[in-house]
Amino acid sequence: MESITIDEFLVRLQQDANLVQGVARQLGIETTDPQVIIEALINQSDAKDLLYQGFEKYNSGEFEAAVSLIQRALALQIYDKDLKFHGWLVQGLALIDLQRLEEAIASYDKALEIKPDSQELWNSRGDALYHLGQFEEAIASYDSALKIEPNHHEIWNSRAAALCYLEEFEEAIASFDKVLEIQPEFSQAWYNRGVVLDKLGRSEEAMASYDNALKIKPDYPEAWTNRGVNLINLNLYKEALDCFNHALVINPNFPEVYNAWNGLGRTLFNLGEFEKAITYFDKALEIKPDYYGAWYSRGNTLNNLREFEEAIVSYDNAIKIKPDYHEAWINRGITARNVTTKKTGFFFRFTLSGSAAPNLALKFNNPDLNKRGYDGEFASYEEGLKHCQQDTHPESWGELHEAIGNAYYLRGRGNSNARYFWRKAIKSYNTALQTLTARDFPKLHLEILQKLIRIQLDMNETAEATELQRQGTDLLRRLLDEPNSSDQSKKQLALKFAWLQQLTVDLAVQSGDLLQAIELAEQGKNTCLRWLLDKWSDENYSVSYSQIQQLLNSSTAIIYWHLSSYALHTFILKHNAPSPIVLGKTEFLTNAQRLQNFEDWVKKWNQQYADYRDKAKDEQSQKNQPWRQLMPNKLEQLKNILNISAIEKELNNITNLILIPHRDLHRLPLHAIFTDNFTITYLPSAQIGITLQSLSQTNVTAIHQLPLLSVEHPDSEGFAILPHAEIESAAITQLFSNPTPKRIYGKAATNTTVKTALKDSYSIFHFTGHSTYNFHNPQKSALALSGKEFLTLDEICNLENVKINQLVSLSSCETAITSNQTITAEYVGLVSAFLYQGVTNIVSTLWTVTDDASSFLMIYFYWQIKKGKSPAVALNQARKWLRNLTFSKLERIYRVILVKLPSDETLLRPFIRRKLNQISQMKLSEKKRQRFQHPYYWAAFIITGR
């Protein structure tokens, strides 16, 4: 191409009209003036040079220089639309990098005037608006981009993120689903989808999303961490520990590692390991000192350790960081109430950055925050309300007023001026309902209705309580009828608010309709049992009083307890009686006080038992633990609380008792607080008893002639060897040698082998070994088998063609129940699984028992059965025999066992000789002592069934 000067080009333009028109058309201007065209060409050239220089500066990361050059270029007249478009675009990108977002959006808008169909530009504009927090405008930009390119998965992902900030969670999930439809291997979208599902309380779906993210990217510590948090929400604490530990192994320094440490702390808190939990909260706070959630959880943990002043310091640190943290204000208030006098110079176990007391009173100019007792509690709530206003924090504002109501209610209990404080509580609860409405916060609304009902019943305002119960029932029904709720969430919701149904029993008793009361109690029991064992069902499981009479005869009565949130009622059901007897049937305050006494008693029982399990490592230390040492006194207290003497006065000519406990009563040895005049069995509900009775009538063969399946001391990993269990198994299988028993032991006791054997033709199943109870997820409760294998409650329920139908003996620890937590609805455990399969008699244990006491009792129990006694009578006699067993008699038993041991039992012989040697060295007076008289040894064993 020839090179010419501008003057020469100007001459050509003046001579060639076609050239003038062509250049003008190319530049997009209308002119025939050659001089104007020349000037336009010079501007165009200068602008292009500046733009290209700006683009180079942008590519090299010199964003300020890039913006300056591009701005100079755009100030010139640029006729090339494509060049001008890229100028605005690149300037916008550079401004984004300089965090000048609003200017960037203005640049994008200029570019969009030129090319409104640019998907990339609409997306970039959306990102800028997203980072400015203008989420609705960002979504509009993303939608414009998606109209142009609807299958761009990253834009759908950005759209979903913006919807999350707007708390449009359902629509966000729909956007994540679109992402994953286009790009199913996008691990981040699976992860974010799980986070949103967690926010909606759809924990099981969230878990599936986290699992999908981890299938694609196994080394994803954030996903492992959130999976762990999700498991905490599902009460699967041991599984949660594995997730947090896995995240820390992958990368101990990932950006949000403090969440993993905090998760470990929360998990151990829920497992009751408070000291260790604090160390993990401290690790989280070392990394992120302003992590107010960890400070809050640390305060809760210290509260459980009763280190109240230090707990308040942790809450204060949380509040210092987040003044509108209403949960911290509430728990701070409760803790202040627990401290009657403020201590000074108290010890701090850890020295953390920022852990010193922040002097909240000075920070908020409120000296009342230094007070303790009720004054300090109210000061915390009132200060919290200053930072959680009704219009800006409706949920927090309502919950703080609810807390004030709780404080007034507690202050009134036991106070001679109770009604004065309770009226204040009612006023506070009603204030809370101004924001915690049935429409906006239905679950919180129900919780406050529960508390209002409690006060009105305490004040004998039955009509008002009945109306609130009706409102609560209608609201719960509306929640359960919501079409988008999963069966699992409905079940959790129904169990959480089971108190509404329980209250109907109290109201029926107070109105004097005792037939309706017992039928409602039975209906509630069966409904909760079905929910816990099966999937959600809206079916009512009602049994009439006349049907319950099938379980009774002239010598048999039922003691039926019912615990609600408001009262503890005792029903006595007798043969052909027109209605139940109810202790103090219309004395609501008496029953409410009995409930309070029982709740206080069981709380201490749980705490002492938890300490016993944690701290008792050998027989001597076990004996010295308060739970075991004080058991006789504790059971005497329980006898008085439940007014057993009054119950027994109603039981003339009764020799057989069926006990039907409710909620926390399931974990207690109720048979041990009755006199020895009765043979006692347990039932979860009358309905189950009726079903089992019909099954037992079909069993025509005497139980002592039936074949036995014995699963013996599996070599379970992590569990101790039990020598007496071997003695027990050998003795029992010898008693039931005809027909020949099936024995599965040691490594052979696998999950598959045991399940197969349960389908064989055996009617009695005896298990010696270990078991576990999962309070938070009962269907995971299990019998420990070989190695790491277990047989879970869920597996037992789902077995088909189980032949065991007469007797199951679970000669292991805690097969009935134990826990340090409260049962709010109903109890389901390993016993329930065998009842579900139609087994008519199940022997189980309420706590960890010594293997010698267990083995001797079970041998005697089976000996009595072999003599033709029923399982209930046999166990009753075995308990009496065990508690009267002296060391002298025990010595004779060991000698008989030693003689009868097979020659190949080389390990047991030294063990028994050692026991004999210990007894032989005792004085004669000591040998007369009853070895197992303490209720710890014999009261743990119960029989359930008909």
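Nothing here was measured: the structure is a model prediction, and the numbers come from that model.

### What about the overall build of the protein chain?
Next up, step 1: Across its full length, the protein chain carries 45 helices and 14 strands.
Next up, step 2: Burial analysis of the protein chain (946 residues in total) assigns 54% to the buried set.
Next up, step 3: Within the protein chain, residue pairs in contact and separated by at least 24 positions form 67% of the contacts whose partners lie at least 6 positions apart.
Next up, step 4: Carbon and sulfur atoms form 47% of the exposed surface of the protein chain, whose accessible area is close to 42200 Å².

### Notes on the packing of helix 19 (residues 326-338) against helix 22 (residues 394-412)
Next up, step 1: Between helix 19 and helix 22, the least distance of the axes is 9 Å, while the angle of their chain directions is 15 degrees. Classified by the angle between their axes, helix 19 and helix 22 sit roughly parallel to one another. The handedness of the crossing between helix 19 and helix 22 is right-handed. Together, His-326, Trp-329, Ile-330 and Arg-337 of helix 19 and Ser-396, Glu-399, Leu-400, Ala-403 and Leu-410 of helix 22 make up the contact between the two elements.

### Here we look at the nonpolar core
Next up, step 1: In this structure, Ile-558, Phe-571, Leu-573, Phe-765 and Ile-804 are the most contacted members of the largest nonpolar core, which totals 202 residues.
Next up, step 2: In terms of residue count, helix 28 (residues 514-533) provides more of this core than any other element does, ten residues in total.
Next up, step 3: Those residues in contact with Leu-573 that sit more than four places away from it in its chain are Ile-518, Tyr-545, Ile-548, Leu-552, Ala-557, Ile-558, Tyr-560 and Pro-580.
Next up, step 4: Ranked by size, the runner-up nonpolar core spans 79 residues in total, among them Leu-875, Leu-916, Tyr-936 and Ala-940.

### Details of the side chain of Asp-198
Next up, step 1: Within the secondary structure, Asp-198 sits in helix 11 (residues 187-199).
Next up, step 2: Buried and unpaired, Asp-198 has Lys-199 as its nearest opposite-charge partner, separated by 8.9 Å.
Next up, step 3: Leaving out residues up to four positions away in the same chain, Asp-198 has contacts with Ser-203, Ala-206, Tyr-210, Asn-226, Asn-230 and Asn-233.

### Digging into the packing of aromatic side chains
Next up, step 1: The full count for this structure, using the stated rule, is 37 aromatic pairs.
Next up, step 2: On the numbers, 6.1 Å between centres and 50 degrees between planes, the contact of Tyr-191 with Tyr-210 is tilted. Of this pair, Tyr-191 sits in helix 11 while Tyr-210 sits in helix 12 (residues 203-216); the two residues are 19 residues apart in sequence, bridging distant segments of the chain. Each member of the pair Tyr-191 and Tyr-210 is classed as buried.
Next up, step 3: Between the aromatic rings of Phe-765 and Phe-767, the centroid separation amounts to 6.5 Å while the plane-to-plane angle is 55 degrees, which identifies the pairing as tilted. The exposure classification of Phe-765 matches that of Phe-767, with both residues buried.
Next up, step 4: Taken together, the ring pairs in this structure connect Phe-598, Trp-601, Trp-605, Tyr-609, Tyr-612, Trp-627, Trp-847, Phe-856, Phe-932, Tyr-936 and Tyr-937 into an aromatic cluster.
Next up, step 5: Above the ring of Trp-261, the side-chain terminus of Lys-283 is found at 5.0 Å from the ring centroid.
Next up, step 6: Lying over the aromatic face of Tyr-409, Arg-454 brings its terminal NZ or CZ to 3.9 Å of the ring centre.

### A look at helix 26 (residues 487-496)
Next up, step 1: Among all positions in helix 26, only Lys-490, Lys-491, Leu-493, Ala-494 and Leu-495 are buried.
Next up, step 2: Next to the buried residues of helix 26 lie helix 24 (442-458), helix 25 (462-480) and helix 28.

### With respect to the pairing of strand 14 (residues 941-945)
Next up, step 1: Here strand 14 lies mainly inside the structure; five of its five residues are buried.
Next up, step 2: With burial as the criterion, each face of strand 14 is covered, one bearing Phe-941, Ile-943 and Gly-945 and the other bearing Ile-942 and Thr-944.
Next up, step 3: Inspection of the sheet shows strand 13 (residues 841-845) paired to strand 14 by five bridges, in the antiparallel sense. Bridge pairing in strand 14 links Val-843 to Ile-943.

### Some words on the pairing of strand 8 (residues 764-768)
Next up, step 1: Burial analysis of strand 8 places five of its five residues in the buried class, the great majority of the element.
Next up, step 2: Judged by which residues are buried, strand 8 turns out to be covered on both faces: Ile-764, His-766 and Thr-768 on one side and Phe-765 and Phe-767 on the other are all buried.
Next up, step 3: As paired elements, strand 6 (residues 708-712) and strand 8 share five bridges and run parallel to each other. Bridged to Val-711 within strand 8 is Phe-767.
Next up, step 4: Here five bridges tie strand 8 to strand 12 (residues 807-811), and the two strands are oriented parallel to one another. Within strand 12, the position partnered with His-766 by the bridge is Ser-809.

### A few points about a negative patch on the surface
Next up, step 1: Residues Glu-136, Glu-137, Glu-167 and Glu-168 make up a contiguous surface patch of negative charge.
Next up, step 2: If you trace the backbone, Glu-167 turns up in the loop between helix 9 (153-165) and helix 10 (169-182).
Next up, step 3: Exposure remark for Glu-167: the relative accessible area of 59% places this residue in the exposed category.

### Details of the pattern of salt bridges
Next up, step 1: For the structure on display, the rule yields 36 salt bridges.
Next up, step 2: With a closest N to O distance of 2.6 Å, Asp-143 and Arg-159 form a salt bridge. Of this pair, Asp-143 sits in helix 8 (residues 135-148) while Arg-159 is found in helix 9, placing the two residues 16 residues apart along the sequence.
Next up, step 3: Residue class for Asp-143 comes out partly exposed when judged on its relative accessible area of 27%.

### So, the sheet that holds strand 11 (residues 790-792)
Strand pairing in a sheet takes place through backbone hydrogen bonds and is either antiparallel or parallel in direction.
Next up, step 1: Spatially, three strands are ordered 9-10-11 in an open sheet, and the strand pairing comes out antiparallel. Looking at the sheet topology across the chains shown, the edges are occupied by strand 9 (771-772) and strand 11.
Next up, step 2: Here two bridges tie strand 9 to strand 10 (residues 782-784), and the two strands are oriented antiparallel to one another. Looking across to strand 10, one finds that Ser-771 is bridged to Leu-783.

### Observations concerning the environment of Lys-81
Next up, step 1: Residue placement: Lys-81 occurs in helix 5 (residues 81-97).
Next up, step 2: Between the alpha carbons of Lys-81 and Lys-115 there is a distance of 9.0 Å; along the sequence they are 34 residues apart.

### Considering the packing of helix 5 against helix 6 (residues 101-114)
Next up, step 1: Put simply, helix 5 and helix 6 touch, their axes get as near as 8 Å, and they point 160 degrees apart. One finds that helix 5 runs roughly antiparallel with respect to helix 6. In the crossing of helix 5 with helix 6, the sense of the turn from one axis to the other is left-handed. Contacts from Lys-81, Lys-84, Phe-85, Trp-88, Leu-89, Gln-91, Gly-92, Leu-93, Leu-95 and Ile-96 of helix 5 reach helix 6 at Leu-101, Glu-103, Ala-104, Ser-107, Tyr-108, Lys-110, Ala-111 and Ile-114.
Next up, step 2: A per-class count over the contact of helix 5 with helix 6 returns eleven nonpolar, three polar and four charged.

### Focus: helix 12
Next up, step 1: Between its terminal C-alpha atoms helix 12 stretches 20 Å, which fits the 20 Å expected from 14 residues at 1.5 Å a residue.
Next up, step 2: Packing partners of the buried residues in helix 12 comprise helix 11 and helix 13 (221-233).

### A closer look at the side chain of Arg-332
Next up, step 1: By the element assignment, Arg-332 lies in helix 19.
Next up, step 2: Polar side-chain contacts of Arg-332 include one of 2.5 Å to the side chain of Asp-316.
Next up, step 3: Residue contacts for Arg-332: discarding those within four places in its chain leaves Ile-312, Tyr-315, Asp-316, Ile-319, Leu-360, Leu-369, Arg-372 and Ser-380.

### Some details on unusual backbone geometry
Next up, step 1: The peptide bond linking Asn-738 to Pro-739 adopts the cis configuration, its omega dihedral lying at 0 degrees.
Next up, step 2: Tracing the backbone through its elements, the reader meets Pro-739 in the loop between helix 36 (723-735) and strand 7 (742-745).
Next up, step 3: Of note, Gln-99 is a non-glycine position whose phi angle comes to about 60 degrees, a positive value.
Next up, step 4: Mapping Gln-99 onto the fold places it in the loop between helix 5 and helix 6.
Next up, step 5: For Gln-99, a relative accessible area of 62% gives the class exposed.
Next up, step 6: One non-glycine residue, Arg-306, lies in the positive phi region at around 65 degrees.
Next up, step 7: By the secondary structure assignment, Arg-306 is in the loop between helix 17 (292-304) and helix 18 (308-321).
Next up, step 8: Given a relative accessible area of 61%, Arg-306 falls into the exposed group.

### What about the confidence of the model for the protein chain?
Do not read the predicted coordinates in detail wherever pLDDT is low.
Next up, step 1: Confidence in the prediction for the protein chain averages 85 pLDDT; 88% of positions are at 70 or higher.
Next up, step 2: The model gives residues 341-348 a pLDDT under 50, and that stretch makes eleven contacts with residues more than four places away or in other chains.

Each value, and the rule that gives it
- Residues numbered from 1 in each chain as written.
- Predicted model: local features only at pLDDT ≥ 70, side-chain atom pairs only at ≥ 80, totals over all residues.
- Heavy atoms only, no water.
- Helix = DSSP H or I, 4+ residues; strand = E, 2+ residues; numbered from the N terminus.
- Buried < 20%, exposed > 50% of the residue type's maximum accessible area, 1.4 Å probe, protein only.
- Contact = heavy atoms within 4.5 Å.
- Areas by Shrake-Rupley, 256 points an atom, 1.4 Å probe, with all protein chains shown as cover.
- Axes fitted to C-alpha atoms, helices over the stretch in contact; angles between N-to-C directions.
- Parallel < 35°, antiparallel > 145°, perpendicular 65-115°, else oblique.
- Left-handed = near helix turned anticlockwise from the far one by under 90°.
- Core = buried A, V, L, I, M, F, W, Y, C linked by side-chain atoms within 4.5 Å.
- Lys, Arg positive; Asp, Glu negative; His and termini not counted.
- Salt bridge = Lys/Arg side-chain N within 4 Å of Asp/Glu carboxyl O.
- Phe/Tyr/Trp six-rings, centres within 6.5 Å; stacked < 30°, edge-to-face > 60°.
- Lys NZ or Arg CZ within 6 Å of the ring centre and 35° of its normal.
- Pairing = 2+ DSSP bridges.
- Patch = residues over 30% accessible without salt bridge, like charges linked within 9 Å, V, L, I, M, F, W, Y side chains within 5 Å.
- Charge placed at Lys NZ, Arg CZ, Asp CG, Glu CD.
- Nonpolar A, V, L, I, M, F, W, Y, C, P; charged D, E, K, R; others polar.
- Expected span 1.5 Å × (residues − 1).
- Polar contact = N/O pair within 3.5 Å; in protein donor to acceptor, adjacent residues only side chain to side chain.
- pLDDT = per-residue confidence, 0-100.

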